Amino acid sequence: MGLSFSTRMLGLAVFQSNSLNDYSLKLHKGMWTAQKRDMVLASLASCFVHYTISDIALSIPDVHQQTKGFKELQHAIECFANVHGIPVTSYPAKELYQRFGSPVKRTRHALMKRLVLLFSELSIYYERELKNRNKYYIKLFEAIAAAAFHSQEKKC
């Protein structure tokens, strides 16, 4: 399972046998609270019920982008996974952008474009993101990149 999250958005991607099986994006509006943290963990729990999750790959932003709420949520996710006996591997978002972005430009746009080439079903979200003034689907693409990267790393 790949995760990319903030205190507002949660991107989830489930890989099975090195192929994208399911993905979703959850929006949790409002200020950061313990109740919001519990809603994110409930989203993870529902994935655990529907799928056999063996690993979790987290996309982690640069340190200067990590808020207190983000760090609290990251810790909660890692503890939740630990309770369920699921190993968690963290990947810096920068590394994911280098792996899946353009060799020339490592931008969000390049990451999304490359992932659309790998997973054509994402093209609808890519087109929507191009039209959005505010970035919405990037957490979904980052979660897929984290899961794909982790899946490739496990093969080696």
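To start, this report covers the structure provided alongside it.

Procedures and definitions
Residues numbered from 1 in each chain as written. Predicted model: local features only at pLDDT ≥ 70, side-chain atom pairs only at ≥ 80, totals over all residues. Heavy atoms only, no water. Helix = DSSP H or I, 4+ residues; strand = E, 2+ residues; numbered from the N terminus. Buried < 20%, exposed > 50% of the residue type's maximum accessible area, 1.4 Å probe, protein only. Salt bridge = Lys/Arg side-chain N within 4 Å of Asp/Glu carboxyl O. Lys, Arg positive; Asp, Glu negative; His and termini not counted. Polar contact = N/O pair within 3.5 Å; in protein donor to acceptor, adjacent residues only side chain to side chain. Contact = heavy atoms within 4.5 Å. Pairing = 2+ DSSP bridges. Axes fitted to C-alpha atoms, helices over the stretch in contact; angles between N-to-C directions. Phe/Tyr/Trp six-rings, centres within 6.5 Å; stacked < 30°, edge-to-face > 60°. Parallel < 35°, antiparallel > 145°, perpendicular 65-115°, else oblique. Left-handed = near helix turned anticlockwise from the far one by under 90°. Nonpolar A, V, L, I, M, F, W, Y, C, P; charged D, E, K, R; others polar.

To continue, consider the overall build of the protein chain. Of regular secondary structure, the protein chain possesses six helices and five strands. If you list the helices and strands of the protein chain from N to C, you get β-β-β-α-β-α-β-α-α-α-α. Referenced to the eigenvectors of the C-alpha coordinate spread, the extents of the protein chain come out at roughly 40 × 35 × 25 Å. Relative to its 156 residues, the protein chain shows a buried fraction of 45%.

Before going further, it helps to spend a moment on the pattern of salt bridges. A full pass over the atoms with the stated rule returns four salt bridges. The shortest N-O distance in the salt bridge between Glu-153 and Arg-99 comes to 3.6 Å. With Glu-153 in helix H6 (residues 138-155) and Arg-99 in helix H3 (residues 93-100), this residue pair connects regions lying 54 residues apart in the sequence. Judged by relative accessible area, which is 38%, Glu-153 ranks as partly exposed.

So, on to the side chain of Glu-129. Assignment of secondary structure puts Glu-129 in helix H5 (residues 123-131). Salt bridges are absent for the buried Glu-129, whose nearest opposite-charge side chain, Lys-135, sits at 4.8 Å. Within the structure, Glu-129 has its side chain in polar contact with the backbone nitrogen of Tyr-136 (distance 3.1 Å). Not counting chain neighbours up to four residues away, the residues in contact with Glu-129 comprise Met-112, Lys-135, Tyr-136, Tyr-137 and Ile-138.

Strands in a sheet are paired, the pairing made by backbone hydrogen bonds, and the direction either parallel or antiparallel. One open sheet accounts for five strands, arranged S3-S2-S1-S4-S5; its pairing is mixed. The outermost strands of the open sheet, each flanked by one partner alone, are strand S3 (19-27) and strand S5 (88-92). The mean angle between the axes of side-by-side strands here comes to 20°, regardless of whether they run parallel or antiparallel. One ladder, built from four bridges, connects strand S1 (residues 2-5) with strand S2 (residues 9-16); its direction is antiparallel.

This part is about the environment of Arg-108. Inspection of the secondary structure assignment puts Arg-108 in helix H4 (residues 108-118). Sequence separation between Arg-108 and Lys-135 is 27 residues, and the spatial gap between their C-alpha atoms is 9.7 Å. The contact partners of Arg-108, leaving out residues within four places of it in the chain, are Tyr-97, Lys-135 and Ile-138.

What follows concerns the packing of aromatic side chains. Counted according to the given criterion, the structure contains seven aromatic pairs. Ring geometry for Tyr-23 and Tyr-125: centres 5.8 Å apart, planes at 90°, overall edge-to-face. Here Tyr-23, found in strand S3, pairs with Tyr-125, found in helix H5; they are 102 residues apart in sequence, far enough to count as distant. Looking at Tyr-23, the relative accessible area reads 22%, which means it is partly exposed. Consider the rings of Tyr-136 and Tyr-137, whose centres lie 4.8 Å apart with planes at 85°: the pair is edge-to-face. For Tyr-136, a relative accessible area of 29% corresponds to the partly exposed category. Within the aromatic cluster, the residues linked to one another by ring pairs are Tyr-23, Tyr-125, Tyr-136 and Tyr-137.

The next subject is the packing of H3 against H4. Packing of H3 against H4 leaves a shortest axis separation of 9 Å and a crossing angle of 55°. In terms of orientation, H3 lies oblique with respect to H4. H3 and H4 meet at a crossing whose hand is left-handed. Counted together, Leu-96, Tyr-97, Arg-99 and Phe-100 of H3 and Arg-108, Ala-110, Leu-111, Arg-114, Leu-115 and Leu-118 of H4 form the full contact between these two elements. Looking at the contact of H3 with H4, its residues break down into seven nonpolar, no polar and three charged.

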